[in-house]
Structures are given as structure tokens and as C-alpha cells.
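Working through the structure, step by step
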Amino acid sequence: MANRNQVPLNVRVTPEKKEEWKTSISNDETLAGVVRRAVDRELNDEYVHVDAADHLDGGDDIDFSEVTTDLDSLSGQVEALQRELDDALTPGSMPPEEQVSEVAMQALAHIPRYSDFSDNVRREIDSRDMDRLQGVKTAVEGRQTGVDGSAQAIAFKMDDDESELIVRQALIYLENRTTEKVQSMIAGGTRHWVRDV
């Protein structure tokens with residue numbers, strides 16, 4: 001019995017198409033129900049294009065070797081960093097504060113200043129009306145500058161053969177425990193320090 005709240009809708013198809021549809025549906029479905037569902041799915045954009053479905057079925061052909069190589073490399077880097085942190089945090093391995101303070105004062109001269117960035121980079125940062133530290137980060141990540149404030153670069157510039165680890169501790173000391181205008185940000189996965197931003 002038809003629902004009185006429904007309106008009949010006539011659709012004209014060829015007799016061959018009607019027979020094709022009738023033979024394609026299962027016994028427990030009606031042709032009207034299949035047409036209603038198909039129209040709803042079409043209007044709700046629920047169909048997957050045949051080419052896309054074929055691509056999904058062919059997932060075995062995707063080459064993940066580059067991704068797994070990158071993941072292995074990242075995993076190795078994380079493990080190396082973890083070992084370095086474990087070694088750094090081992091009691092007795094921390095240098096005395098006087099030594100960190102001394103290295104910090106030596107490292108201060110090698111921390112890039114905001115004025116070390118090119119006029120073009122500084123103008124661009126200022127024109128974007130953004131936080132300068134964020135602008136420096138964007139410039140470093142976009143490789144718009146050759147200025148490198150990483151602990152590794154600063155340790156390399158220092159005359160003494162200070163390890164990168166103690167230089168990093170000294171830079172953190174400068175940023176957090178002194179009145180020097182030293183700030184840091186992480187750009188491209190590496191922490192960089194800069195002065196007078």
C-alpha cells in the first residue's frame with residue numbers, strides 16, 4: 001500500500017533498460033527502491049568513480065620503499081638523540097654551572113643578530129607585520145638566509161673545541177638565565193638561536 005505522504009514520480013526509460021534494471025536487482029528489492037537509493041547517492045555524491053575504485057584495488061602496486069627508508073632514517077636519528085640525551089642527563093656528566101656560564105659568554109659573540117639578516121629579509125619580515133621571531137623562523141625554513149644560529153654552527157664558529165652539547169646548554173643558559181636578548185625557535189627540525197629580535 002502506497003504511503004499517502006509520497007508523491008508519484010514517473011521516469012521514462014526504454015523497455016530494454018527497464019528489463020536490464022529488473023534483472024540486475026535482487027529478489028528482495030523493488031525497482032522503485034533501487035532508483036530512490038541511486039538518486040539519493042548521486043545527489044549526496046556518495047559514488048566512487050570507477051577509475052578511483054580500480055586504483056584503490058591496485059594498492060599492492062604502490063612502492064613504499066622511499067617512505068620506509070625515510071622512517072628508518074628518522075628512527076635512527078631519534079635513537080641517536082635519545083642516547084645523546086641519556087648521556088647528557090647522566091649524573092656527573094653535566095658540566096658545572098661556572099663552565100656553562102663561561103661557554104655561554106663565548107658563544108654569545110657567535111649568536112646571529114637580527115641585523116645579520118639581509119635588508120631584504122628584514123624588510124619582508126617587517127612588511128608582513130608578524131612577530132619577528134616567527135619571521136626569522138619562516139626565513140630560515142624557507143632558506144631565504146644563510147644565517148645559521150644552530151648549536152652545531154655556533155660550536156663550529158667558536159675557537160675552542162667545545163662540544164655541541166655544552167654549547168647547546170650554554171645557549172639555553174643564555175636564553176633562560178641571563179638578561180641577554182637571546183631567543184630561540186625550531187626551524188626545519190633544528191633549534192636556532194638569535195639575538196636582538
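Attention here is on the structure that accompanies the text. Every value quoted in this text rests on a predicted model; they were computed, and no experiment measured them.

1. Describing the packing of aromatic side chains
On inspection of all chains with the given rule, the structure shows one aromatic pair. A ring pair is formed by Tyr-114 and Phe-117, whose centres lie 6.3 Å apart and whose planes are at 45°; its orientation type is tilted. Residue Tyr-114 is classed as buried on the basis of its relative accessible area, which comes to 5%.

2. Some points on the pattern of salt bridges
Inspection of the entire model under this criterion finds seven salt bridges. Lys-17 serves as the salt-bridge partner of Glu-20, at 3.5 Å between the closest nitrogen and oxygen. Of this pair, Glu-20 and Lys-17 both sit in helix α1 (residues 15-24), three residues apart, which is roughly one turn of the helix. For Glu-20, a relative accessible area of 43% gives the class partly exposed. A salt bridge links Arg-177 to Glu-97; the nearest nitrogen and oxygen atoms lie 2.9 Å apart.

3. A closer look at the pairing of strand β2 (residues 190-195)
Remember that side chains alternate between the two faces of the sheet whenever the strand is regular. Of the pairings in the sheet, the one linking strand β1 (residues 182-187) to β2 comprises six bridges and is antiparallel in character. When the bridges of β2 are listed, Val-182 appears paired with Arg-195.

4. Digging into the nonpolar core
Judged by nonpolar contacts, the single largest core of 18 residues is most densely connected at Ile-111, Ile-154, Val-167, Leu-171 and Leu-174. The set of elements that each furnish at least two residues to this core consists of α5 (97-108), α8 (151-157) and α9 (164-177). Residue contributions to this core peak at six residues, all from α9. Ignoring anything within four residues of it in the chain, the contact list for Ile-111 reads Ile-154, Leu-171, Leu-174, Val-182, Trp-193, Val-194 and Arg-195.

5. Structural notes on a negative patch on the surface
Together, Asp-40, Glu-42, Asp-45 and Glu-46 give the surface a local cluster of negative charge. Note that Asp-45 resides in the loop between α2 (31-43) and α3 (50-57). Among the residues examined, Asp-45 registers a relative accessible area of 68% and is labelled exposed.

6. Examining the packing of helix α6 (residues 119-127) against helix α7 (residues 132-141)
Two numbers describe how α6 lies on α7: the axes approach to 9 Å, and their chain directions differ by 130°. Considered as vectors, α6 and α7 are oriented oblique to each other. With respect to the hand of their crossing, α6 and α7 are arranged in right-handed fashion. Residues Val-121, Ile-125 and Asp-126 of α6 pack against Arg-132, Gly-135, Val-136 and Ala-139 of α7.

7. Section: unusual backbone geometry
With phi around 55°, Asp-196 is a residue other than glycine that occupies positive phi space. Structurally, Asp-196 is set in the segment after β2. By relative accessible area, which is 31% here, Asp-196 ends up partly exposed.

8. Regarding the side chain of Ser-184
For Ser-184, the location among the structural elements is in strand β1. Taking relative accessible area as the criterion, Ser-184 reaches 11% and is therefore assigned buried. Of note is the side chain of Ser-184, whose polar atom sits 2.8 Å from the side chain of Glu-175. Within the structure, the side chain of Ser-184 is placed 2.8 Å from the side chain of Arg-191, a separation counted as a polar contact.

Quick notes on the rules
- Residues numbered from 1 in each chain as written.
- Predicted model: local features only at pLDDT ≥ 70, side-chain atom pairs only at ≥ 80, totals over all residues.
- Heavy atoms only, no water.
- Phe/Tyr/Trp six-rings, centres within 6.5 Å; stacked < 30°, edge-to-face > 60°.
- Buried < 20%, exposed > 50% of the residue type's maximum accessible area, 1.4 Å probe, protein only.
- Salt bridge = Lys/Arg side-chain N within 4 Å of Asp/Glu carboxyl O.
- Helix = DSSP H or I, 4+ residues; strand = E, 2+ residues; numbered from the N terminus.
- Pairing = 2+ DSSP bridges.
- Core = buried A, V, L, I, M, F, W, Y, C linked by side-chain atoms within 4.5 Å.
- Contact = heavy atoms within 4.5 Å.
- Patch = residues over 30% accessible without salt bridge, like charges linked within 9 Å, V, L, I, M, F, W, Y side chains within 5 Å.
- Areas by Shrake-Rupley, 256 points an atom, 1.4 Å probe, with all protein chains shown as cover.
- Lys, Arg positive; Asp, Glu negative; His and termini not counted.
- Charge placed at Lys NZ, Arg CZ, Asp CG, Glu CD.
- Axes fitted to C-alpha atoms, helices over the stretch in contact; angles between N-to-C directions.
- Parallel < 35°, antiparallel > 145°, perpendicular 65-115°, else oblique.
- Left-handed = near helix turned anticlockwise from the far one by under 90°.
- Polar contact = N/O pair within 3.5 Å; in protein donor to acceptor, adjacent residues only side chain to side chain.

By themselves, these are just geometric observations and shouldn't be taken as functional.
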